[in-house]
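In case you want the letters, here they are:
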Amino acid sequence: MIAIVDYGVGNLLSVQKALESLGAQVYLARTPEDLAKAKAVILPGVGAFGRAMENLELRGLVPAIKTSIASGKEFLGICLGMQLLLESSQEAPGTQGLGIIPGTVVRLQGQKVPQIGWNSLKFERPSPLFPGIDPEPYLYFVHSYCVAPEADVVAATTDYQGRFPSALWQDNIHALQFHPEKSGRVGLEILNNFWKLVQKCS
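The following paragraphs examine the structure supplied in this document. These numbers come from a predicted model, not from an experiment. (Residues numbered from 1 in each chain as written. Predicted model: local features only at pLDDT ≥ 70, side-chain atom pairs only at ≥ 80, totals over all residues. Heavy atoms only, no water.)

## As for the side chain of Asn193
As for its position among the elements, Asn193 is in helix H6 (residues 184-201). Relative accessible area serves as the criterion here: at 9%, Asn193 is assigned to the buried category. From its side chain, Asn193 meets the backbone oxygen of Leu129 in a polar contact 2.8 Å long. Setting aside anything within four residues of it in sequence, one finds Asn193 in contact with Pro128, Leu129, Phe130, Pro131 and Ile133. (Helix = DSSP H or I, 4+ residues; strand = E, 2+ residues; numbered from the N terminus. Buried < 20%, exposed > 50% of the residue type's maximum accessible area, 1.4 Å probe, protein only. Polar contact = N/O pair within 3.5 Å; in protein donor to acceptor, adjacent residues only side chain to side chain. Contact = heavy atoms within 4.5 Å.)

## Some points on the pairing of strand E11 (residues 154-159)
In terms of residue burial, E11 counts as a mostly covered element, since 5 of its 6 residues are buried. As consecutive antiparallel partners, E11 and strand E12 (residues 163-170) are separated by 3 residues, and within that stretch Gln161 has a phi angle of approximately 55°, a positive value. (Pairing = 2+ DSSP bridges.)

## Details of unusual backbone geometry
A cis geometry characterises the amide bond from Val113 onward to Pro114, with omega recorded as 10°. In this structure, Pro114 sits in the loop between strand E6 (103-107) and strand E7 (115-120). Non-glycine residue Glu136 carries a positive phi angle of around 50°. Take Glu136: it is sitting in the loop between strand E8 (122-123) and strand E9 (138-143). The exposure class assigned to Glu136 is exposed, which follows from its relative accessible area of 54%. Of note in this structure, Gln161 is not a glycine but carries a positive phi near 55°.

## Quick word on the state of the cysteines
One pass over the full model with this rule turns up 0 disulfides. Counting only cysteine sulfurs, Cys146 is the nearest neighbor of Cys79, a cysteine outside any disulfide, at a range of 11 Å. (Disulfide = S-S within 2.5 Å.)

## Concerning the nonpolar core
Core analysis: the largest hydrophobic core is formed by 38 residues, its most contacted members being Ile2, Leu19, Ile42, Phe130 and Ile190. By residue number, the principal contributor to this core is H6, which donates 7 residues. Among all residues touching Ile190, those that are not within four sequence positions of it are Leu129, Phe130, Ile133, Leu139, Leu176 and Phe178. Core analysis: the second largest hydrophobic core is formed by 36 residues, Ala3, Tyr7, Leu35 and Ile65 among them. (Core = buried A, V, L, I, M, F, W, Y, C linked by side-chain atoms within 4.5 Å.)

## Looking at the side chain of Ser89
On the secondary structure map, Ser89 appears in strand E5 (residues 88-89). A residue is classified by how much of its surface remains accessible, and Ser89, at 4% relative accessible area, is buried. Among the polar contacts made by the side chain of Ser89, one reaches the main-chain amide nitrogen of Glu91 at a distance of 3.0 Å. Filtering out sequence-adjacent residues up to four positions away, Ser89 remains in contact with Phe49, Thr104 and Val105.

## Observations concerning the sheet that holds E11
In spatial order, the strands read E2-E1-E3-E4-E13-E12-E11-E8; together these 8 strands make up an open sheet with mixed pairing. Looking at the sheet topology across the chains shown, the edges are occupied by strand E2 (26-29) and E8. Pairing analysis gives 3 bridges linking strand E1 (residues 2-5) to strand E3 (residues 40-43), with the strands arranged parallel. Each residue of the ladder has a partner; that of Ile2, found in E3, is Ala40. Contacts from helix H1 (residues 12-21) reach E1, E2, E3 and strand E4 (74-78) within the one sheet, and its direction differs from that of E1 by about 165°. (Axes fitted to C-alpha atoms, helices over the stretch in contact; angles between N-to-C directions.)

## A short note on the packing of aromatic side chains
Counted under the stated rule, the structure contains 4 aromatic pairs. Ring centres of Phe141 and Phe164 lie 6.0 Å apart, and the angle between their planes is 85°; on these two criteria the pair is classed as edge-to-face. In this pair, Phe141 sits in strand E9 while Phe164 sits in strand E12, placing the two residues 23 residues apart along the sequence. Assigned by exposure class, Phe141 and Phe164 land together as buried. With a centroid separation of 5.8 Å and 70° between ring planes, the pair formed by Phe141 and Phe178 is classed as edge-to-face. One end of the pair, Phe141, is in strand E9; the other, Phe178, is in the loop between strand E13 (173-176) and H6, and 37 residues separate them in sequence. (Phe/Tyr/Trp six-rings, centres within 6.5 Å; stacked < 30°, edge-to-face > 60°.)

As structure tokens, then:
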């Protein structure tokens, strides 16, 4: 079973429906107890970094997420859920992120912010989410900030007024700046690769 973290910020139903269309067993997790029984965890997110961390803290989900990751469960962060994995963000000075990946979140470069629409990936190294995916696939983005990790975890980058990391991978941690659930066939293929990982670990 895959738990989608429900913390009042995010596009939960579209992620849930996309996974269910692939045959995945999915449920919404609102409490630490909900997360504890999951085989894998997805942290989606749309909105502001500070508000998101506040909601996670209020629901007692921060320790539960860290425990899930530390236990080796497959984890997928999507959009804001990717950014929350880092230590801090320029969007919310003084607010601590989950701190799973060292580094910070910075505002996109240039004048045309936010980035809204389709853009391509450049694969920087192999990732378990990308087998069978065509080179330089187009995915759907909506964001004003991007991650700047200090560790060697970048799996793909995207060019938008300069290159930024658009996918991360480290052990059981996977993170995507784009929205696979809104990215048509290619996005479903990426989610299906995640579901295959979960099935292997079950």
